[in-house]
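# Tertiary structure, described
Given next are the chains, with one letter for each unit.
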Protein chains: 2
Amino acid sequence: MWFRQLFDRESSTYTYLIGDDVTRDAALIDPVREQIDRDLQLVDQLGLTLRYVLDTHVHADHVTATGPIADRTGARIVGGHRAGTCVDLPVRHGDVVSLGRLRLRVLETPGHTDDSVSYVAGDRVFTGDALLIRGCGRTDFQNGDAATLYHSITGVLYDLPASTLVYPAHDYKGHAVSTIGEEKRFNARVAGRSRDEFVALMDGLGLPRPKLIDVAVPANRACGR
Amino acid sequence: MWFRQLFDRESSTYTYLIGDDVTRDAALIDPVREQIDRDLQLVDQLGLTLRYVLDTHVHADHVTATGPIADRTGARIVGGHRAGTCVDLPVRHGDVVSLGRLRLRVLETPGHTDDSVSYVAGDRVFTGDALLIRGCGRTDFQNGDAATLYHSITGVLYDLPASTLVYPAHDYKGHAVSTIGEEKRFNARVAGRSRDEFVALMDGLGLPRPKLIDVAVPANRACGR
């Protein structure tokens, strides 16, 4: 399996390149508009063929590259079935996206947004903003809902094996990866909290409005085109 | 094997935490002073015992955390034999640092600085600033020498298997890892260039003086204490 983690410093977004090392079919998860040339150069240098571009959700903090990359490469756009009409392949819980011999299994993990999905590939899970390293996405805009997110984390993602590697869409402290087992023990927002305690915590965060939300959400509902 | 890549955004430095997953003996490579609490918290959460803190070289762009971490944990400081008298275990080409059942093999890879070493652990090599992803460290200060670096890259690091994963001390474009095979083909400074062409390129870069060099180099010669 090909696997690369890429970082956009401006939005602190992680993009992932994964592929089958035999068939060389590949996909990009959560690509960022400003990094299109970097990402497609890497795909080209590694001799991969891009089959899919996937978003974990309609982002509010950066503009997705899925549309422009699909237009340039012929890759198909994958996203949750609530993400918008620009998605070529709207996916639901339990759906599988095949990439050569690789299987990307879809878990619906709403709460940060209502369209949020995670993708499981082997011993890795790409959690978007549902589960971050020692944290989670906020729940105060875009149909976010703290109780729903609590279920997505503790009732869906925490059902994965403890050794599953957690690759989130963002990190702000320089961490690159975690595991489900670690998050169960150490997640600063979820560990040791009941659903009601989590909801109270999330509802009281008082975070500032994302700088790019008014640009990013409409753009991302059109897959960044 | 435990393995974590950590990033310091201010200096674009990668720090690596590696350890034996049975004995739980661990080491930090190129820790950054501003990230001591983050890094030691992770060591603690993972239940690891820090045996060594290693620098790949005397850095000019950030202050190392090796001294303070050694003082707090009892870990021993490892560095190239030209790095300075604060190093507990000065290492030379071919030396092996044991970490439980893990073996860190030392390669002397001077040229960016005269004390630069790389550490090989299994299929990974931690190259410091000798070999960066698609690039290399500059050679215009601290006893740097372009011809020497050319040999370290093409005559030492390129002798590793092509599939060896290259983990550098820095990246400025959001890449996290490469391979020796990729760098042979795509390194923007080295690929396709003779030694003389590389020396001419490096001597003509005209880079600005690092902002922190007057603070960092004396501090790092004292292991950041």
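Residues numbered from 1 in each chain as written. Chains lettered and ligands numbered in written order. Predicted model: local features only at pLDDT ≥ 70, side-chain atom pairs only at ≥ 80, totals over all residues. Heavy atoms only, no water.

### Some details on the relation of the copies chain B and chain A
Each copy superposes on the other: chain B lies on chain A with an RMSD of 0.0 Å after a rotation of 180° and an axial shift of 0.0 Å. The superposition of one copy onto the other is thereby described by a two-fold rotation axis. Nearest to the rotation axis, the C-alpha of arginine 9 of chain B is located 4.0 Å from it, this being the minimum over chain B. Of the residues that chain B buries at the interface, 100% are likewise interface residues in chain A, meaning the two copies contact each other through the same surface. (Least-squares fit on C-alpha atoms with pLDDT ≥ 70 in both. Contact = heavy atoms within 4.5 Å.)

### Overview of the nonpolar core
Counting 46 residues, the largest nonpolar core has Phe126 of chain A together with Phe126 of chain B as its most contacted members. Those residues in contact with phenylalanine 126 of chain B that lie beyond four places of it in its chain are Phe3, Tyr16, Ile18, Ile29, Thr56, Val117, Ser118, Tyr119, Ala121 and Tyr167 of chain B. (Core = buried A, V, L, I, M, F, W, Y, C linked by side-chain atoms within 4.5 Å. Buried < 20%, exposed > 50% of the residue type's maximum accessible area, 1.4 Å probe, protein only.)

### Side note on the sheet that holds strand β7 (residues 96–99) of chain A
All names here are of chain A. Strands sit in the order β7-β8-β9-β10-β11-β12 across an open sheet of six strands; the sheet is mixed. At either end of the open sheet lies a strand with only one pairing partner, and these are β7 and β12 (178–179). The sheet contact formed by β7 and strand β8 (residues 102–108) spans four bridges and is antiparallel. Within β8, the residue paired with leucine 99 across the bridge is leucine 102. (Pairing = 2+ DSSP bridges. Helix = DSSP H or I, 4+ residues; strand = E, 2+ residues; numbered from the N terminus.)

### Some remarks on the packing of aromatic side chains
Think of a pair of aromatic rings as described by two things: how far the centres are apart, and how the planes are tilted against each other in angle. Residues and elements named next belong to chain A. A complete count under the given rule lists 19 aromatic pairs over all chains for this structure. Taking 5.9 Å as the distance between ring centres and 25° as the angle between the ring planes, the aromatic pair formed by phenylalanine 126 and tyrosine 167 counts as stacked. Of the two residues, phenylalanine 126 is situated in strand β10 (residues 124–128) and tyrosine 167 in strand β11 (residues 165–168); the sequence distance between them amounts to 41 residues. Accessibility expressed as a relative area gives 9% for tyrosine 167, which makes it buried. Over the face of the ring belonging to phenylalanine 3 we find arginine 124, whose NZ or CZ atom lies 4.1 Å from the ring centre. (Phe/Tyr/Trp six-rings, centres within 6.5 Å; stacked < 30°, edge-to-face > 60°. Lys NZ or Arg CZ within 6 Å of the ring centre and 35° of its normal.)

### Details of helix α1 (residues 36–45) of chain A
With seven of its 10 residues buried, α1 of chain A lies for the most part within the structure. Restricting attention to buried positions, one finds in α1 of chain A the residues Ile36, Arg38, Asp39, Leu40, Leu42, Val43 and Gln45 of chain A. In the core, the buried residues of α1 of chain A are packed alongside β1 (2–8), β2 (13–19), β3 (25–29), β4 (49–54) and α2 (66–73) of chain A together with α4 (180–186) of chain B. Of the residues trailing α1 of chain A, glycine 47 of chain A is marked for its positive phi of about 70°.

### Thoughts on the interface of chain B and chain A
Listed as interface residues are 25 residues of chain B and, on the opposing side, 25 residues of chain A. Among the residues of chain B in contact with chain A, Arg4, Arg9 and Gln45 of chain B are the three that bury the most area, contributing 31% of the side total. The salt bridge partner of glutamate 182 of chain A is arginine 4 of chain B, with a shortest N-O separation of 2.4 Å. The tally of links from chain B across to chain A stands at 13 residue pairs in polar contact (both at pLDDT 80 or more). Listed by contribution, the elements that provide at least two residues to the side of chain B that touches chain A are β1 (2–8), α1 (36–45), β12 (178–179) and α4 of chain B. Here the element with the most residues in the side of chain B that touches chain A is β1 of chain B; it accounts for five residues. Looking at the side of chain B that touches chain A residue by residue, the class counts come to nine nonpolar, eight polar and eight charged. (Buried area = accessible area lost by both parts, 1.4 Å probe. Salt bridge = Lys/Arg side-chain N within 4 Å of Asp/Glu carboxyl O. Polar contact = N/O pair within 3.5 Å; in protein donor to acceptor, adjacent residues only side chain to side chain. Nonpolar A, V, L, I, M, F, W, Y, C, P; charged D, E, K, R; others polar.)

### Considering the state of the cysteines
All names here are of chain A. The final tally for this structure, using the stated rule, is two disulfides over all chains. Here cysteine 86 engages in a disulfide with cysteine 223; their sulfurs sit 2.1 Å apart. Disulfide cysteine 86 to cysteine 223: torsion about the S-S bond roughly 75°, handedness right-handed. Highlighted residues: cysteine 86 in the loop between β5 (76–80) and β6 (89–91) and cysteine 223 in the segment after α6 (213–221), separated in sequence by 137 residues. (Disulfide = S-S within 2.5 Å.)

### Quick notes on the pattern of salt bridges
Counted according to the given criterion, the structure contains 26 salt bridges over all chains. With a shortest N-O distance of 3.1 Å, arginine 101 of chain A and aspartate 21 of chain A are connected by a salt bridge. Here aspartate 21 of chain A lies in the loop between β2 and β3 and arginine 101 of chain A lies in the loop between β7 and β8, a separation of 80 residues in the sequence. By relative accessible area, which is 53% here, arginine 101 of chain A ends up exposed. Look at aspartate 21 of chain A and you get partly exposed, because its relative accessible area is 38%. For aspartate 71 of chain A, the salt bridge identified is with arginine 225 of chain A, shortest N-O distance 2.9 Å. With aspartate 71 of chain A in helix α2 and arginine 225 of chain A in the segment after α6, this pair connects stretches of sequence that are 154 residues apart. Using a relative accessible area of 52% as the deciding quantity, one classes aspartate 71 of chain A as exposed. Several salt bridges share partner residues, and in doing so they unite Arg4 of chain A together with Arg134, Glu182 and Glu183 of chain B into one network.

### Some remarks on unusual backbone geometry
All names here are of chain A. Positive phi is not limited to glycine here, since arginine 134 has a value of about 65°. Relative to the elements of secondary structure, arginine 134 occurs in the loop between β10 and α3 (146–156). The phi dihedral of asparagine 143 falls on the positive side, at around 60°, and the residue is not glycine. For asparagine 143, the position within the fold is in the loop between β10 and α3. For asparagine 143, a relative accessible area of 53% puts it in the exposed group.

### Observations concerning the pairing of β3 of chain A
Two faces, one strand: in a regular strand the side chains alternate between the faces of the sheet. Residues and elements named next belong to chain A. Counting buried residues in β3 gives five out of five residues, a clear majority hidden from the surface. Burial along β3 is two-sided: Asp25, Ala27 and Ile29 and Ala26 and Leu28, pointing in opposite directions, are all buried. As judged from the four bridges shared by β2 and β3, these two strands associate in the antiparallel manner. The residue bridging isoleucine 18 from the neighbouring strand is alanine 27, located in β3. Between the antiparallel neighbours β2 and β3 lie five residues, among them arginine 24 with a positive phi of about 65°.

### Structural notes on the side chain of aspartate 20 of chain A
All names here are of chain A. Along the chain, aspartate 20 falls in the loop between β2 and β3. Aspartate 20 gets classed as buried once you look at its relative accessible area, which sits at 2%. One polar contact links the side chain of aspartate 20 to the main-chain amide nitrogen of threonine 23, over a distance of 3.1 Å. The residues contacting aspartate 20, other than those within four sequence positions of it, are Trp2, Asp25, Leu99, Gly100, Arg101 and Leu102.

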